[in-house]
Amino acid sequence: MKDDNFLKENNARHMWHPMAHPADSLANPPKIITSGKGVRIVDVDGSETIDAVGGLWNVNLGYSCAPVKEAIAAQLEHLPYYSTFRGTSNDAVIELSFMLREFFEPDGLSRAFFTSGGSDGIEIALRLARQFHKVRGEAGRTKYLSLKKGYHGTHTGGASVNGNANFRTQYEPLMPGCFHIPAPYTYRNPFNETDPEKLAQMCLAALEDEIAFQGAGTIAAFIMEPVLGAGGVIPPHKSFMPGVREICDRNGILLIADEVITAYGRTGSWSGSRHWGVKPDFSVTAKAITNGYFPFGAVMIADHIAETFEQDETGKANIASGYTYSGHPVGAAAAIACIKETQRLKVNENAAARGREMMAGLEALKKKHGIVGDVRGGEGLMNALELVSDRETKKPLDAARTKTVFDTTHANGVMVRVSGPNLILSPPLVLTAEDVKDILSALDAGLAAA
Ligand code: PMP
């Protein structure tokens, strides 16, 4: 391994960082993380922090999960790669598909299509939704509906259903036939509605309206995150996703749950859809499926969709989609170990308990600090603090003061993520009550400094 001076001298000089301006990466060199243990990470300067970002919402079991590391090493030893394209398979992926069928049985999802991550999975779900309608003889159903504020990865399909302008504008024109409805985001919405239940009904009415406008027979699928993540942690009212399901059913529209963040325990339930009592037609999972140790994802497919494809005699159900790394045996072995460990530790229960403590603490911080405009979460361990310079006008806090909050929180031992005006928290699900206190007290110091 190269020494620290080499790392610092070459930091960001020969690579471009995702979601960053190349000039900014050069001017403000990224923190170089050199090791991780439990829920903590250490950077090249030796400063140790709790990773309240959990990698990127994915390191649910922390950085020392021995069973996952051992499974990866063992699989590399006996079969480091074999493809699952037509005609071949591998041992690990078969075992994983069996396991996932059991894991997602309560969600009515019984087949898996494997990917290298979340964005890949979104493309697969969007494609399979259109294909499903073609197989059934409804080739005119090609459009997609989604939520403003929704985040669905950065491939062109995902960016097209994405509801955040900053992930879209540089790459437009995107895919035609994608339309967005207002998100149930109580802090800012076009209806000026602050009651979550009423707002959910208004957004559902907007969905109905858009379907009538487009024509139900032209729409393939509606895609949503059970709790919106990157758009600023927006948990919808509990009536929202069931309402979406009902509207989709009534109009022959498929429901794609983007569970890239929410699957495997983060919301306090084993999946975000289950959290709201909804059975989606597709569920896109990735991230925590391997605890972030290997790039991998699984798109889970509902029984009735699977049957339609499997019983097709026209040839239209041939799946002309797939990645070199679909069903990668090392990823599959990591996922098997990870899901076993996730269930053994019942991380969903810990996420729910620690999530309640976190939410209560954040509410207290909001009372104390005027720059906290809104705190969101309450469904497991995913939270956001929306920072403002003025609570009346809700003007977002400027970048310099937001940086002060980040830097001071970091200096007090906690890494958080800044995303626009939001501080995002998605810590490992193995967090202790003591860690929650440490995160809250570091945030308290960060907010006071700004
Ligand atoms: N969907 C959601 C809800 C996500 O949060 C993300 C990643 N943050 C993606 C899709 C894309 O996943 P990936 O980065 O693994 O491609």
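No experiment lies behind these values; they were computed from the predicted model shown.

Thresholds, definitions, all that
- Residues numbered from 1 in each chain as written.
- Predicted model: local features only at pLDDT ≥ 70, side-chain atom pairs only at ≥ 80, totals over all residues.
- Helix = DSSP H or I, 4+ residues; strand = E, 2+ residues; numbered from the N terminus.
- Rg over C-alpha atoms; globule rule 2.2 N^0.38 Å.
- Buried ≥ 20, exposed ≤ 12 C-beta atoms within 10 Å, placed from the backbone.
- Contact = placed C-beta atoms within 7 Å.
- Domains from an automatic or database assignment.
- Nonpolar A, V, L, I, M, F, W, Y, C, P; charged D, E, K, R; others polar.
- Core = buried A, V, L, I, M, F, W, Y, C linked by C-beta atoms within 7 Å.
- Pairing = 2+ DSSP bridges.
- Near = placed C-beta within 6 Å.

### Points about the overall build of the chain
Regarding its fold elements, the chain presents 15 helices and 16 strands. Since a compact globule built from 450 residues should have a radius of gyration of about 22 Å, the 22 Å found for the chain is in line with a globular shape. With the C-alpha coordinates of the chain rotated into their principal frame, the extents come out at 65 × 60 × 40 Å. Residues classed as buried in the chain amount to 49% of the 450 residues present. Here the analysis covers contacts within the chain between residues at least 6 apart in sequence; of these, 72% occur between residues at least 24 apart.

### Comments concerning the domain arrangement of the chain
One can read the domain layout of the chain as domain 1 (31–61 + 346–449) and domain 2 (68–344). Between the C-alpha centres of domain 1 and domain 2 the distance comes to 27 Å. Tallying the contact residues gives 28 residues for domain 1 and 25 residues for domain 2. Only α3 (54–57), α13 (347–368), β11 (372–376), β12 (383–390) and β16 (422–425) provide two or more residues apiece to the side of domain 1 that touches domain 2. With 5 residues, the top contributor of residues to the side of domain 1 that touches domain 2 is α13. Looking at the side of domain 1 that touches domain 2 residue by residue, the class counts come to 11 nonpolar, 12 polar and 5 charged.

### Quick look at the nonpolar core
Core analysis: the largest hydrophobic core is formed by 120 residues, its most contacted members being Ala221, Phe282 and Ala334. A total of 9 residues in this core trace back to one element, the largest contributor, which is helix α12 (residues 329–344). Both domains that furnish three or more residues to this core are identified here as domain 1 (31–61 + 346–449) and domain 2 (68–344). When sequence neighbours within four positions are dropped, the list of residues in contact with Ala334 reads Val68, Ala71, Ile72, Thr290, Tyr293, Phe294 and Phe296.

### Some points on the pairing of β12
The sheet contact formed by β11 and β12 spans 4 bridges and is antiparallel. By the bridge assignment for β12, Val375 is matched with Leu385. Relative to β16, β12 runs antiparallel, the two sharing 4 bridges. Bridge pairing in β16 links Glu386 to Asn422. Relative to strand β13 (residues 395–396), β12 is paired through 2 bridges, and the arrangement is antiparallel.

### Regarding the site of the ligand
In the vicinity of the ligand there are 15 residues, among which Gly117, Gly118, Ser119, Gly153 and Val260 approach most closely. The element that contributes the greatest number of residues to the shell around the ligand is helix α6 (residues 118–135), accounting for 3 residues. Looking at the shell around the ligand, its residues break down into 7 nonpolar, 6 polar and 2 charged.

### Structural notes on unusual backbone geometry
Cis geometry is found at the peptide bond from Glu172 to Pro173, where omega equals 5 degrees. For Asn192, which is not a glycine, the phi torsion comes out positive at approximately 50 degrees. Looking at the secondary structure, you find Asn192 in the loop between β6 (178–181) and α8 (196–214). Residues other than glycine seldom take positive phi values, yet Lys287 does so here, at roughly 35 degrees. Tracing the sequence through the fold places Lys287 in the loop between β9 (282–285) and β10 (297–302). With 28 C-beta atoms counted inside 10 Å, the residue Lys287 sits in the buried group.

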